[in-house]
2 protein chains.
Amino acid sequence: MENDTVLAMERAALDRWGKGDPGGYLEISAPDVTYFDPFVSRRLDGIDALKAWYEPIRGKIRIDSDEIVDPRVQVAGDTAILTMVFVSHGSEGAKRWNCTEVYRRLDGEWKIIHTHWSFHGDNTVVDQDLG
Amino acid sequence: MENDTVLAMERAALDRWGKGDPGGYLEISAPDVTYFDPFVSRRLDGIDALKAWYEPIRGKIRIDSDEIVDPRVQVAGDTAILTMVFVSHGSEGAKRWNCTEVYRRLDGEWKIIHTHWSFHGDNTVVDQDLG
């Protein structure tokens, strides 16, 4: 059940992301979230740092089609680790990501306490690699 | 205290890694470990898959100098999430990695249940970026 919950939360946040709205992620990230992606020069520590990183790209991302590939959720007590490959096509071209999301249940509510987005291989992705 | 424990485990595994020995990581990874790095085409699921990935590079890696930059450990019950930047110089050239390690305590013993290594930016790193 935790599996379905966190996967649905992630999918909903991605749907908003693909329309240029980072708010889906910001709303489900914990105050003490830590965050890596390939474009930020350091780990971001805390929701305010993540907001400062995401707000300038609000309205600038458009995903036309995407797929969560092979999601897996490892549940350990009140922690759930979602790992997936995410393939997207849109304003940024074709991308294939590795993604880790660590969710923590606090007062019955799941929040992301750590996010790690990265590219497989180098950053140049060709379509035939996306199958 | 958990912070010191998992960071010391990671440092010890890295020391062996830098001498071409993946055994340090294999010994502290859980049977159900999941694993991402930039070079493997999919998520690896389970210790046997990780062994199969690591064994062919045994003896082939040599790190001459390295640094764990800005490590942070988020403890949530029996789960500890270590995040760090790892900078290394050696047989693979100069590399700057983002790293997430999720440790889980089972029967009093910490084991890695998820690993995510990735590159910051594209894969070409120049020395002045490493400061």
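In this report, we go over the structure that sits alongside the text. Given the structure is predicted, the values throughout are model-derived calculations rather than measurements.

Criteria and thresholds
- In this convention, every chain numbers its residues from 1, walking through the sequence in written order.
- Whichever chain is written first becomes A and whichever ligand is written first becomes 1, with later ones labelled in order.
- Given that this is a predicted model, residues contribute local features only at a pLDDT of at least 70 and side-chain atom pairs are listed and counted only at 80 or more, while totals for whole chains, interfaces and linings are drawn from all residues.
- Hydrogens are left out, water is left out, and the side-chain values use all remaining heavy atoms of the structure.
- Secondary structure elements follow DSSP: runs of H or I no shorter than four residues count as helices, runs of E no shorter than two count as strands, and numbering proceeds from the N terminus.
- The buried label goes to any residue with under 20% of its type's maximum accessible area, the exposed label to any with over 50%, and the partly exposed label to all in between, with areas taken from a 1.4 Å probe on protein chains only.
- When the copies are superposed, the least-squares fit takes in the C-alpha atoms of residues with a pLDDT of at least 70 in both.
- Any two residues whose heavy atoms approach within 4.5 Å are treated as being in contact.
- Any two strands are treated as partners once DSSP identifies two or more bridges connecting them.
- What counts as an axis is a line fitted to C-alpha atoms, over the stretch in contact for a helix, and the angles between N-to-C directions run from 0 to 180 degrees.
- Criterion for a disulfide: a pair of cysteine sulfur atoms within 2.5 Å.
- Buried area: the accessible area, evaluated with a 1.4 Å probe, that two parts lose upon being put together, summed over both parts.
- A pairing counts as a salt bridge when a side-chain nitrogen of Lys or Arg comes within 4 Å of a carboxyl oxygen of Asp or Glu.
- Pairs of N or O atoms are called polar contacts if they sit within 3.5 Å, as long as, within protein, a hydrogen donor faces a hydrogen acceptor (for residues adjacent in sequence, only side-chain-to-side-chain pairs).
- Each residue is assigned to one class: nonpolar for Ala, Val, Leu, Ile, Met, Phe, Trp, Tyr, Cys and Pro, charged for Asp, Glu, Lys and Arg, and polar for all the others, Gly among them.

On to the overall build of chain A. Counting secondary structure elements, chain A contains three helices and six strands. Helices (α) and strands (β) of chain A occur, in sequence order from the N terminus, as α-α-β-β-α-β-β-β-β. Dimensions of chain A along its principal axes, counting C-alpha atoms only, are 45 × 30 × 25 Å. The proportion of buried residues among the 131 residues of chain A is 54%.

With an axial shift of 0.0 Å and an RMSD of 0.0 Å, the rotation relating chain A to chain B amounts to 180°. Overall, the copies show the geometry of a two-fold rotation axis. Of all interface residues in chain A, 100% are interface residues in chain B too; the two copies therefore contact each other through one and the same surface.

All names here are of chain A. As summarised here, the arrangement of the six strands in space is E2-E1-E6-E5-E4-E3, forming an open sheet in which the pairing is mixed. The outermost strands of the open sheet, each flanked by one partner alone, are strand E2 (44–45) and strand E3 (63–76). Bridge count between E3 and strand E4 (residues 79–90): eleven bridges; the pairing is antiparallel. Its bridge partner lying in E4, Ile63 is registered against Gly90.

All names here are of chain B. Spatially, E2-E1-E6-E5-E4-E3 is the arrangement adopted by the six strands of the open sheet, whose pairing is mixed. The two strands at the open ends of the sheet, each matched to only one other strand, are strand E2 (44–45) and strand E3 (63–76). As defined by bridge partners, strand E1 (residues 29–36) adjoins E2 across two bridges and the pair is classed as antiparallel. Bridging from a neighbouring strand, Thr34 pairs with Asp45 of E2. Against the sheet, helix H1 (residues 2–17) touches E3, strand E4 (79–90), strand E5 (93–106) and strand E6 (109–119), its axis set at about 155° to E3.

Turning our attention to the state of the cysteines. A complete count under the given rule lists zero disulfides over all chains for this structure. Take A:Cys99: it sits in no disulfide, and the sulfur closest to it among the cysteines is that of B:Cys99, at 15 Å. The buried category is assigned to A:Cys99, whose relative accessible area is 0%.

On to unusual backbone geometry, then. The general pattern is negative phi for most residues beyond glycine and trans for most peptide bonds. One non-glycine residue, A:Asp107, lies in the positive phi region at around 55°. Within the fold, A:Asp107 resides in the loop between strand E5 (93–106) and strand E6 (109–119). Given a relative accessible area of 84%, A:Asp107 falls into the exposed group. The phi dihedral of B:Asp70 falls on the positive side, at around 55°, and the residue is not glycine. With respect to the helices, strands and loops of the structure, B:Asp70 is situated in strand E3.

Attention shifts here to the interface of chain A and chain B. Every contact between the two is made by 36 residues of chain A and, on the other side, 36 residues of chain B. Both sides together, the interface formed by chain A and chain B hides about 2900 Å², and carbon and sulfur atoms give 47% of it. In this structure, the connection of chain A to chain B is made through four salt bridges. Across the pair B:Arg72 and A:Asp45 runs a salt bridge whose closest N-O atoms are separated by 3.4 Å. Our count for the chain A to chain B interface comes out at 22 residue pairs in polar contact (both at pLDDT 80 or more). Ranked by residues supplied to the side of chain A that touches chain B, first place goes to E5(A) with six residues. Per-class residue counts for the side of chain A that touches chain B are 13 nonpolar, 14 polar and nine charged.

For the rest of this paragraph, the subject is the pairing of E5(A). Along any regular strand, the residues point their side chains to alternate faces of the sheet. All names here are of chain A. Judged by how many residues are buried, E5 sits mostly within the fold: eleven of 14 residues are covered. Two strands pair when backbone bridges link them, and E4 and E5 are joined in this way by twelve bridges, in the antiparallel orientation. Of the residues in E5, the one forming a bridge with Thr79 is Arg104. Connecting E4 to the next strand, E5, in antiparallel fashion are two residues. Alignment of E5 against E6, held across ten bridges, turns out to be antiparallel. By the bridge assignment, Val102 is partnered in E6 with His114. Linking E5 to E6, which pair antiparallel, is a turn of two residues; within it Asp107 sits at a positive phi near 55°.

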